[in-house]
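# Reading the structure
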Amino acid sequence: MVQYIIKRLLLLPLLLFIFSIFAFVLIQAPPGDFVTSYIAELAASGSSVDQAQIDALRSMYGLDQPMYVQYFHWMGRMLHGDLGASLDWKRPIAELIRERVMLTVLLGAFTFVLTWALAIPIGIIGATKQYSFLDYFFTVFNYIGIATPTFMTALILMWLAFSWFGISVTGLFSAEYVDAPWTLAKFIDLLKHIWLPVLILALDGTARLARIMRANLLDELNKPYVEMARAKGMSEWRLVLKYPVRMAINPLISTIGWYLPLLFSGSVIVATVLNLPTIGPMLLRSLTNQDMFLAGAIIMIYLFLAIIGTLISDILLAWLDPRIRMES
Amino acid sequence: MNPTEPLLSVQNLKTYFFLDEGTVKAVDGVDFDVYPGQVVGIVGESGCGKSVTIKSVLRLTQKPGRIVEGKILFRSQRVTDADSGSDVIDLTTLDPHGKRMRSIRGAEIAMIPQEPMASFSPVHTVGNQLIEAIRLHEDVSKEEARQIAIERLHEVGMPNPEQRLDAYSWELSGGLRQRAMIAMSLSCNPHLLIADEPTTAIDVTTQAQVLNLLRSLQKMHNMSIIFITHDLGVIAQVADYVVVMYLGRVMETGPVDDIFHNPLHPYTKALLKSIPSIYSPSGTELPTIEGSIPHPFSRPSGCPFYPRCEAFMAGVCNAKDPELQSINERQSVSCFLYEEKQMQPS
């Protein structure tokens, strides 16, 4: 087991290296570069730039060099822990994204916990009380949850909050705390704001997860080991929670792997609608402005999370399921 | 325990499944008794209702199945009847998930399932599940339960029982797995053991060992066993008394020797004829029962077996339901052939 984890950890840099090449090529794939979009922006505001200036800008940013040279420069800096500077914001990327990454992780973690805390019990009730009133109620609730896009939920809740209570629920901080240094008061203010995006994102995740949990558990409930547990004289709830629920959760564990990066990227639209200072909207802007170093850094963080997420779910699965543990 | 009074008496049991397409009368009026220390074999083709019968006894039938009529009288040592205070309980009156039924199930009536592989949880150790079975009914500590579990595994011939407790079921061979299952079923010294085709999933050599083991455990604990199988060879090996079922009804009952040497019902006769024999000359075609089991929704009226019966009497067999009645002091048959004989004054 320990050996297996070490092996996987050793593989991590190699995977990141391979993915970084793909990421870099993909970011470069759209026609033009940052200077093109910069010039377009200048032209839109009425000023013009001559060719000499354009060339000077290109060589300043190193955009005139072949792609592989650019890649190695970028990679070399990253290996020294330097994410580079944003072309668009003219600031070091590390400083630019530090707080946003932290807030995104916090938002993701809260959402994850709430999603599982809601979805697993709902799935269990749906399966054990199949075709009961509660089952139908949650089924309808889940279908609405799946069918409603998250940004729509966000807009509706924003409108309700504004028209009923006259409060604006956008952002993660009250105006006076936005640029304030971190204090306990700021954190409490954060908690006062973060519940809404957490709720919106969790409702969407819950709807999906609860359906899967219900279906998995329904499959398990008819297995002979459940009947055997009944034949032993166990009480129904105790045996359901000990045996089939445990088996039904196992396949869900492997979804944690892609759930982590999904929470990051999946919240882009909600974050944009609710004006959240998370990483999603920044990635969107960096991509449209062809701010390649910023986009590259954020995508590398995504990739890192995807790999770590898969590793975590593999370890969890091995820990929970002895059949997988013995194999490895 | 009085050996002349039945431990279990199933009377006119009817268990129906209410499906959208119609009602399946899986068990349709079954009677049989199990006496202390007796091994009763229930034999029949797939779909004859033998599994549903024993699931009804254990009160394990799941929706849309329901016991609609009949009594399942069991002499309990843990539970007394709520009204009369008698130790004979009608299990059909108990809540299947309730405390009283649960204190009988697993403790006094235990089950050995068909597939030991699928009946153990693959993510819990054998010991975990064994100790759990013991602690559900006995007030013992975990450590004491572990000792009992080791004894039980030793009793069923498990080598290295201490180590096997920490193994998972899929780490054991088929035979050992079934032994572990038997140990779990016997963990609380049940009076009645219900074995649902316990040897179908294992190979023939192991099968013989498991049957011998069951037989010797039965003698040792003076248990009663209901043994479900479609294999007449297995019945001949383990059973004292045989119940032959067809389409949810009992066709014939009797001591094992009489059933094999003096079968009365045409169905029993046909079943025995279709056993391959080493004495028949090679090249002889094996007799089979003509036709196939009717679809559960299109049961024939009257005797369920008449469309396939060699002794079919038009106007009799397809008109009325035959009743199970004693022919001699040992055998009972549900067939008009014998009703008429009885009616004739001799």
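Quick caveat: nothing in here was measured; it's all calculated off a predicted structure. (Residues numbered from 1 in each chain as written. Chains lettered and ligands numbered in written order. Predicted model: local features only at pLDDT ≥ 70, side-chain atom pairs only at ≥ 80, totals over all residues. Heavy atoms only, no water.)

### Some details on the overall build of chain B
Of the regular secondary structure elements, chain B holds 12 helices and 12 strands. For 346 residues, the compact-globule estimate of 2.2 N^0.38 gives 20 Å, and the C-alpha radius of gyration of chain B, at 21 Å, lies within 12% of that figure. Viewed in the frame of its principal axes, chain B has a C-alpha envelope of about 65 × 60 × 45 Å. Within the span of chain B, comprising 346 residues, buried residues form 53% of the whole. At a minimum sequence separation of 6, the contacts of chain B that also span at least 24 residues come to 63%. Working note: accessible area of chain B is about 15500 Å², and carbon and sulfur atoms make up 49% of it. Of the side chains in chain B, 31 bear a positive and 41 a negative charge, and the two mean positions are spaced by 2 Å. (Helix = DSSP H or I, 4+ residues; strand = E, 2+ residues; numbered from the N terminus. Rg over C-alpha atoms; globule rule 2.2 N^0.38 Å. Buried < 20%, exposed > 50% of the residue type's maximum accessible area, 1.4 Å probe, protein only. Contact = heavy atoms within 4.5 Å. Areas by Shrake-Rupley, 256 points an atom, 1.4 Å probe, with all protein chains shown as cover. Lys, Arg positive; Asp, Glu negative; His and termini not counted. Charge placed at Lys NZ, Arg CZ, Asp CG, Glu CD.)

### Looking at the overall build of chain A
Helix and strand counts for chain A come out as 16 helices and 0 strands. Its C-alpha atoms put chain A at 85 × 55 × 40 Å along the principal axes. Partitioning the intrachain contacts of chain A with sequence separation of at least 6 by distance along the chain shows that 74% fall at a separation of at least 24. As displayed, chain A offers around 17100 Å² of accessible surface, 71% of which is attributable to carbon and sulfur atoms. Of the charged side chains in chain A, 23 are positive and 22 negative; the average position of the first set lies 12 Å away from that of the second.

### Structural notes on the interface of chain A and chain B
The accessible area lost on association of the parts is a frequent measure of interface size. Contacts between chain A and chain B engage 23 residues on the former and 30 residues on the latter. Summing both sides of the interface, chain A and chain B together bury roughly 2300 Å²; the carbon and sulfur share of this comes to 64%. If you sort the residues of chain A by the area they bury against chain B, Met228, Arg230 and Lys232 of chain A come out on top, with a joint share of 26%. Its salt-bridge partner being Lys242 of chain A, residue Glu132 of chain B comes within 2.7 Å of it at the nearest N-O pair. Inspection of the chain A/chain B interface yields 10 residue pairs in polar contact (both at pLDDT 80 or more). Of all the secondary-structure elements, those providing two or more residues to the side of chain A that touches chain B are helix H9 (224–231), helix H10 (236–242), helix H11 (244–253) and helix H16 (322–327) of chain A. Examining the composition of the side of chain A that touches chain B, we find that 6 residues originate from one element, H9 of chain A, more than from any other. Each residue belonging to the side of chain A that touches chain B can be placed in one class, and the counts come to 10 nonpolar, 3 polar and 10 charged. (Buried area = accessible area lost by both parts, 1.4 Å probe. Salt bridge = Lys/Arg side-chain N within 4 Å of Asp/Glu carboxyl O. Polar contact = N/O pair within 3.5 Å; in protein donor to acceptor, adjacent residues only side chain to side chain. Nonpolar A, V, L, I, M, F, W, Y, C, P; charged D, E, K, R; others polar.)

### Remarks on the domain arrangement of chain B
Here the domain parsing of chain B yields domain 1 (117–189) and domain 2 (263–343). With centres defined by C-alpha atoms, the gap from domain 1 of chain B to domain 2 of chain B works out at 43 Å. (Domains from an automatic or database assignment.)

### Description of the pattern of salt bridges
Residues and elements named next belong to chain A. With the rule as written, the count across this model stands at 25 salt bridges over all chains. For Arg230, the salt bridge goes to Glu236, with nearest N and O atoms at 2.9 Å. On the accessibility criterion, Arg230 (7% relative accessible area) is buried. The class of Glu236 is partly exposed, set by a relative accessible area of 24%.

### So, the sheet that holds strand S7 (residues 192–196) of chain B
The sheet built from 8 strands is open, its strands ordered S6-S7-S8-S3-S9-S10-S12-S11 (chain B) with mixed pairing. Two strands in the sheet have a free side with no partner beyond their single neighbour: strand S6 (109–112) and strand S11 (325–326) of chain B. (Pairing = 2+ DSSP bridges.)

### Quick notes on the pairing of strand S3 (residues 39–43) of chain B
Residues and elements named next belong to chain B. Judged by how many residues are buried, S3 sits mostly within the fold: 5 of 5 residues are covered. Here S3 shows no split at all, with Val39, Gly41 and Val43 on one side and Val40 and Ile42 on the other all buried. Pairing of S3 with strand S8 (residues 224–229) involves 5 bridges; the strand directions are parallel. When the bridges of S8 are listed, Val39 appears paired with Ile225. Pairing geometry for S3 and strand S9 (residues 241–246), over 4 bridges, is parallel. Within the sheet, the bridge partner assigned to Val43 lies in S9 and is Val244.

### Side note on the side chain of Asp135 of chain A
All names here are of chain A. The residue Asp135 is located in helix H6 (residues 133–147) in this model. Among the polar contacts listed, one links the side chain of Asp135 to the side chain of Arg214, at a separation of 3.0 Å. Among all residues touching Asp135, those that are not within four sequence positions of it are Gly126, Lys129, Gln130 and Arg214.

### Some remarks on the packing of helix H7 (residues 174–185) of chain B against helix H8 (residues 204–221) of chain B
All names here are of chain B. Close contact between H7 and H8 brings their axes to 10 Å; oriented N to C, the two are set at 20°. In terms of their interaxial angle, H7 and H8 are classed as roughly parallel. In terms of crossing hand, the pair formed by H7 and H8 is right-handed. Here Gly175, Gln178, Arg179 and Ile182 of H7 lie close against H8, whose contacting residues are Thr206, Gln209, Val210, Leu213, Leu214 and Leu217. (Axes fitted to C-alpha atoms, helices over the stretch in contact; angles between N-to-C directions. Parallel < 35°, antiparallel > 145°, perpendicular 65-115°, else oblique. Left-handed = near helix turned anticlockwise from the far one by under 90°.)

### A look at the sheet that holds strand S5 (residues 88–90) of chain B
Sheet strands line up and pair through hydrogen bonds in the backbone, either parallel or antiparallel. All names here are of chain B. Pairing within the open sheet is antiparallel, and its 4 strands lie in the order S2-S1-S4-S5. Edge positions in the sheet fall to strand S2 (22–34) and S5, since each of these pairs with one other strand and no more. Between one strand axis and the next, the sheet turns through 10° on average, direction left out of account. Here helix H1 (residues 50–57) sits on the sheet in contact with strand S1 (8–19), S2 and strand S4 (65–75), set at roughly 110° to S1.

### Comments concerning the confidence of the model for chain B
Summarising the model, chain B shows a mean pLDDT of 90, and 98% of its residues fall at 70 or more. Within chain B, helix H12 (residues 336–343) of chain B has the poorest average pLDDT of any element, 70, and S3 of chain B the best, 96. (pLDDT = per-residue confidence, 0-100.)

### Focus on the nonpolar core
Ranked by internal contacts, the top residues of the largest apolar core, which has 79 residues, are Leu8, Phe32, Leu91, Ile109, Ile182, Leu192 and Ile226 of chain B. Excluding residues that lie within four positions of it along the chain, Leu192 of chain B makes contacts with Leu7, Leu8, Val34, Phe74, Glu108, Ile109, Ala110, Ser224, Ile225 and Ile226 of chain B. Within the second largest apolar cluster, 33 residues are counted, among which are Trp74, Leu87, Ile279 and Leu303 of chain A. (Core = buried A, V, L, I, M, F, W, Y, C linked by side-chain atoms within 4.5 Å.)

### A word on the pairing of strand S10 (residues 249–255) of chain B
Residue and element names in this part refer to chain B. Burial of S10 is extensive: 6 of the 7 residues sit out of reach of the surface. Here 6 bridges tie S9 to S10, and the two strands are oriented antiparallel to one another. Paired with Tyr246 across the bridge in S10 is Arg249. With antiparallel pairing between neighbouring strands as the criterion, S9 and S10 make up a hairpin whose turn holds 2 residues, including Leu247 at a positive phi of roughly 45°. Where S10 meets strand S12 (residues 332–333), 2 bridges bridge the pair, whose relative direction is antiparallel. The residue bridging Glu252 from the neighbouring strand is Val333, located in S12.

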